[in-house]
Amino acid sequence: MKAIRKRDSYPLADGVVLTGVGAVCSLGNSIEETTQGLVSGKSGVTEIMDFDAGELGGFAAQVKNPPAIDTDIHPQLARTMGKHLLLLLAATAEALSRAGIGPGMFDPQDRGFFAGMGMVDYHVEDLLPAVIKSLDPGGDLDYDRFFPDGYREIYPLWPLGMLNNVVFCQASIQFDLRGENCVFSPHGDAGIQAVAEAVKVLEEGKAKVALAGGVSEEISPFSLARARLKGLIGPQAGAGLARDDKKRHPAGKADKPLSACRSATRNPQPETTEDIFLGEGGAMLVLEPLSSALGRGADILGGISGFGFSCERSEEDNSATRQAISTAIRGALSQASLDPGSIDLIMLGSLRQNELEAVREIFDTGGDAPLMVSTVKALGEMLAAGPILNAAIALSIPGLTSFPPDVQCPPAEGHKLRGHSYPRRILVNGISSEGRCASMIVQGGGETK
Amino acid sequence: MPQKRKRVVVTGLGMITPIGKDSRETFENARNGVSGVGWLSSFQTEGLPCRIGGQVSDSSFNLLAAKGLQGIEKCSSRGLKLMISAVSEAAGSARLDSIQDRDRVGVSLGYHGENPSVEDLLLLYRHGRRDGWDLYGLTKNGAYSFFNFFRRKPDVATSILSILFNCRGCSLTIVSACAAGAQAIGEALGIIRAGKADAMIAGGCESNLNFMGFVGFVLIRALSERYSSPEKASRPFDRKRNGFVMSEGAGALVLESLDHALDRGAPIFAEVLGYGSSADAFRITDVHPKGDGAVFAMQEAIVDAGLGSSDIEYINAHGTSTLQNDLIETLAIKKILGERAKRVPVSSNKSMIGHTIAASGAIEAGLTIMGMNNSVLLPTVNYEYPDPKCDLDYVPNQARQLEHGVALSNSFGFGGQNACLCFGKFHQ
């Protein structure tokens, strides 16, 4: 085992604990449904039916029927927020409910709220009427008609569809969350940044309870195109845009049979992003100081004990470099005052070579290796929601041996979990496509108590 | 509770605004009440009810840091170019290059990415189909390029800054509309206090002076539409205010732990004493009528600084020149300062610069610090017709010489996110 350099450790004096989790993703509308689906070997990846995605590979892990939440939001405003709103509201509602926090339990100004929000996209249909009204007979834009008059056809609230924080603000209204807050954007690291900020605010006494989590992007032609072009999803997932790549990736087919797709999405063979699809989801954690949670008799699901961050972009694939991921992991271990040998479970943020190399550099890969799990193929690449959902899954799954083999990464045999029913210490990674990466250490509930 | 908290100081400062290519020029022009608002020339404004804004001349850009880096030009939005200019100045003044351990230097940026262009809309129309979009055709014809996706994503700007200025530490992108720049600074403060970085580049940038960026604000009637001349349009707290003036710009600070700054002999411009944030949780399109969110953010910043409201000597207001903001902010300041409210000077830099959205909190933080160090209160220009409901000392029209050591800087974002920073003159 390699030693972790101790520097600027910031121990959590009273400890911050998790008292609620909420999640919605392609496998279900709650954390329970999600873990059950995962354990039973389901994949959330299905054919995209709500728009023609043939050019884009045709498959994704969508949330098909997000739970309805009663809200008095104006329908027009709700439309600009799209599925983001449903994902955030559903995850937050479940997390609060599971934590036993109802209206009036905390002063609204003592409720912190932090989230990593995936990119939002404007609705093209809000803008096109202005173009249509301003076309000349040849089908080109007549600027003399567009600027003085045609632009008035643009839907006035269209810019709200580009602001990642609007949905967040709507959730703060819905749940009366008036305390310290921040929105981070948009990838895997952003969800962990949100949790880190929540922990800091609780430690400093600026809030008595904090919600922290993340929301993915909504699956749309633009999010698929963006993910494909950024290399977040594999060529198959973006087959149409990758026509030029087919010579290099002959397996890439836009009309890939669903059964073959499902098969490909379960087994997380490392060192490739092929067959990774975009996923939708939202996940939220409720965090409280240990003493406060004990004082109100809350169920303690786990604890948070360290964070690490870094940023260095790989020239090859725009992802974080091995060195950056290693720095983030070591930072988290250092803050938690843990040796690598004390980690039982690693929830990977990706299946990229850089992350796997960083993990292998730090952790034992022999018989005492921690279990490594990747949900990215089963649930899709969920960006800011991914690490938070992974943390929630790790704390909620009914026993370590419940992780089916096809979400485990090599080395899957001989790992140290045989002696434990539940993971005691979990490393959760979040990787961005822009070089940023984050890691956090989550303690299982038994450890916290 | 955490151990004794690290003190955090400002060791670098930079900005680019409609009234200056750097912080010195911006501050001097602001001291003299110079307005940067003019008729817009960067895009077609004919027929729009508002045709003014605060533009930054391309010749003001300082892009030396990006020179020679392939691909940066294509990936760079105008907002990012503004930010590179501001960070170049801030990093230079902080002598950031002298920090050896780059894993301990991070970037915290408030930004929202680039808007689509009118030409993008035409392409989207051409490639629209009844059942979706011909993305292949859209992206492969060359007009809607791969780089549009880069410029649209706010975090790309953060990553490019990290690369250009060799920052391998914590990197975050904050999206909270007009509060983003201030929140980026507040988050950087927390990261250094928590020992996760020795130094952070923090700030915000924005450029919405393009048709699609601008017209969104025109359509929701947020911009000033009645003005005798462009430079008279931004008139915070004045009875005849009728909307804000859109501007572009960027502001950057280098924050550093005091111990680290002293160890390397860095210049120290000020101390960041506190930060507070809050949510109105009221309505997306309206601020809380009692100013509860603004009050709480200011209160949190003061408490975080270990001070009381009686210690506050100046407030750099959000002061947008909208009917609603200026009224509610005045109310909130009164709640915070009590009977002292009318004696504590409050002014709005937006009266000269206009509203730079995500950049505003960072630019105003820089000007607040420079005001303290020069014992100058920057004025609120165009204050001609007192509003009986806005009855504080807004430092009307003329800068004022006054020594002051503790100041707040307010930023309130669309949707109801509020941020407040507390700065103090540095004392060992």
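What you are looking at is a predicted structure, and each value in this text was computed from that prediction instead of being measured. (Residues numbered from 1 in each chain as written. Chains lettered and ligands numbered in written order. Predicted model: local features only at pLDDT ≥ 70, side-chain atom pairs only at ≥ 80, totals over all residues. Heavy atoms only, no water.)

With respect to the overall build of chain B
Consideration 1: Broken down by element type, chain B carries 14 helices and 16 strands.
Consideration 2: Taking 428 residues into account, the globule formula puts the C-alpha radius of gyration at 22 Å, and chain B, at 21 Å, falls close to it.
Consideration 3: Overall, chain B is about 65 × 55 × 40 Å in size when its C-alpha atoms are taken along their principal axes.
Consideration 4: Going through the 428 residues of chain B one by one, you find that 68% of them count as buried.
Consideration 5: Put simply, chain B shows about 13,700 Å² of open surface, and 49% of that area lies on carbon and sulfur atoms. (Helix = DSSP H or I, 4+ residues; strand = E, 2+ residues; numbered from the N terminus. Rg over C-alpha atoms; globule rule 2.2 N^0.38 Å. Buried < 20%, exposed > 50% of the residue type's maximum accessible area, 1.4 Å probe, protein only. Areas by Shrake-Rupley, 256 points an atom, 1.4 Å probe, with all protein chains shown as cover.)

A word on the overall build of chain A
Consideration 1: A tally of regular secondary structure across chain A gives 14 helices and 13 strands.
Consideration 2: Among the 449 residues that make up chain A, the fraction classed as buried is 67%.
Consideration 3: Carbon together with sulfur atoms contributes 49% to the accessible area of chain A, which is approximately 14,400 Å² in total.

A word on the interface of chain B and chain A
Consideration 1: Each side of the interface is counted separately: chain B has 89 residues, and chain A has 92 residues.
Consideration 2: For the pair chain B and chain A, the summed buried surface comes to about 7,800 Å²; carbon and sulfur atoms form 62% of the total.
Consideration 3: The interface formed by chain B and chain A holds four salt bridges in total.
Consideration 4: Between R126 of chain B and D140 of chain A there is a salt bridge, and its shortest N-O distance comes to 2.3 Å.
Consideration 5: At the boundary of chain B with chain A, the tally comes to 24 residue pairs in polar contact (both at pLDDT 80 or more).
Consideration 6: The residue inventory of the side of chain B that touches chain A, partitioned by class, reads 41 nonpolar, 23 polar and 25 charged. (Contact = heavy atoms within 4.5 Å. Buried area = accessible area lost by both parts, 1.4 Å probe. Salt bridge = Lys/Arg side-chain N within 4 Å of Asp/Glu carboxyl O. Polar contact = N/O pair within 3.5 Å; in protein donor to acceptor, adjacent residues only side chain to side chain. Nonpolar A, V, L, I, M, F, W, Y, C, P; charged D, E, K, R; others polar.)

Some thoughts on the side chain of S30 of chain A
Consideration 1: Mapped onto the secondary structure, S30 of chain A falls in the loop between β1 (16-25) and α1 (31-39).
Consideration 2: With residues near it in sequence (within four places) discarded, S30 of chain A still touches A23 and E94 of chain A.

Points about the nonpolar core
Consideration 1: With 100 residues, the main nonpolar core has V195, L287, F403 and M440 of chain A together with L255 of chain B as its most contacted residues.
Consideration 2: Of all the elements, helix α6 (residues 188-203) of chain A adds the most residues to this core, at nine residues.
Consideration 3: If we skip the residues at most four places from it in the chain, L255 of chain B touches V8, V9, V10, I185, A188, L189, I192, D198, A199, M200 and V272 of chain B.
Consideration 4: One finds L127 of chain A together with L122, F211 and V215 of chain B within the second-largest nonpolar core, a separate group that totals 42 residues. (Core = buried A, V, L, I, M, F, W, Y, C linked by side-chain atoms within 4.5 Å.)

Describing unusual backbone geometry
Consideration 1: Across the junction of S185 of chain A and P186 of chain A, the peptide omega takes the value -15°, indicating a cis bond.
Consideration 2: Relative to the assigned elements, P186 of chain A resides in the loop between β5 (181-184) and α6.
Consideration 3: Positive phi is not limited to glycine here, since L383 of chain A has a value of about 50°.
Consideration 4: Position of L383 of chain A relative to the elements: it lies in the loop between α12 (376-379) and α13 (386-396).
Consideration 5: Phi is positive for V395 of chain B, which is not a glycine, with a value near 50°.
Consideration 6: By secondary structure assignment, the location of V395 of chain B is in the loop between β13 (376-377) and β14 (400-401).
Consideration 7: With relative accessibility at 0%, the residue V395 of chain B sits in the buried group.

Comments concerning the environment of E55 of chain A
All names here are of chain A.
Consideration 1: Residue placement: E55 occurs in the loop between β2 (46-47) and β3 (59-60).
Consideration 2: What makes E55 buried here is its relative accessible area of 16%.
Consideration 3: Through-space distance from the C-alpha of E55 to that of G20 is 40 Å; in sequence the pair is 35 residues apart.

Quick look at helix α7 (residues 221-229) of chain A
All names here are of chain A.
Consideration 1: Among the nine residues in α7, eight count as buried, and that is most of the element.
Consideration 2: Listed in full, the buried residues belonging to α7 are P221, F222, S223, L224, A225, R226, A227 and R228.
Consideration 3: Just past α7, the residue G231 takes up positive phi, approximately 80°.

Thoughts on the state of the cysteines
Consideration 1: Under the criterion given, the structure shown has zero disulfides over all chains.
Consideration 2: We note that C169 of chain A lacks a disulfide partner, and the nearest cysteine sulfur, in C178 of chain B, lies 11 Å from it.
Consideration 3: Note on C390 of chain B: no disulfide assigned, nearest cysteine sulfur contributed by C178 of chain B at a separation of 18 Å.
Consideration 4: C390 of chain B sits in the buried class, given a relative accessible area of 1%. (Disulfide = S-S within 2.5 Å.)

Here we look at the confidence of the model for chain B
In regions of low pLDDT, the predicted coordinates are not meant to be interpreted in detail.
Consideration 1: Chain-level statistics for chain B give a pLDDT mean of 93 and a share of 93% at 70 or above.
Consideration 2: ipTM for the predicted complex: 0.93, alongside a pTM of 0.92. (pLDDT = per-residue confidence, 0-100.)

So, the packing of aromatic side chains
Consideration 1: Applying the stated criterion across every chain, the model contains 15 aromatic pairs over all chains.
Consideration 2: Considering the side-chain rings of F59 of chain A and F277 of chain A, the 6.2 Å spacing of their centres and the 75° angle between planes classify their relative orientation as edge-to-face. Of this pair, F59 of chain A sits in strand β3 while F277 of chain A sits in the loop between α8 (258-266) and β7 (281-289), placing them 218 residues apart in sequence.
Consideration 3: By relative accessible area, which is 3% here, F59 of chain A ends up buried.
Consideration 4: Members of the aromatic cluster, joined through ring pairs, are Y143, F146, F147 and Y151 of chain A together with F43, F211 and F214 of chain B.
Consideration 5: Its guanidinium or amino end placed over the ring of Y155 of chain A, R79 of chain A lies 5.1 Å from that ring's centre, counting from NZ or CZ.
Consideration 6: Seen from the ring of Y385 of chain B, K240 of chain B lies directly overhead, with NZ or CZ sitting 4.2 Å from the centre. (Phe/Tyr/Trp six-rings, centres within 6.5 Å; stacked < 30°, edge-to-face > 60°. Lys NZ or Arg CZ within 6 Å of the ring centre and 35° of its normal.)

Thoughts on the pairing of β5 of chain A
Residue and element names in this part refer to chain A.
Consideration 1: Here β5 shows two buried faces, one formed by N181 and V183 and the other by C182 and F184.
Consideration 2: Pairing analysis gives four bridges linking strand β4 (residues 111-117) to β5, with the strands arranged parallel. Counterpart to G116 in the pairing with β5 is F184. (Pairing = 2+ DSSP bridges.)

Let's talk about the pairing of strand β15 (residues 406-413) of chain B
All names here are of chain B.
Consideration 1: With eight of eight residues buried, β15 is to be regarded as a mostly interior element.
Consideration 2: By the alternation rule, side chains of β15 split into V406, L408, N410 and F412 and A407, S409, S411 and G413, which are all buried.
Consideration 3: Where strand β11 (residues 314-316) meets β15, three bridges bridge the pair, whose relative direction is parallel. Its bridge partner lying in β15, Y314 is registered against A407.
Consideration 4: Relative to strand β16 (residues 417-424), β15 is paired through eight bridges, and the arrangement is antiparallel. Bridging across to β16, N410 finds its partner in C420.
Consideration 5: Joining the antiparallel neighbours β15 and β16 is a turn of three residues, in which G415 adopts a positive phi near 105°.

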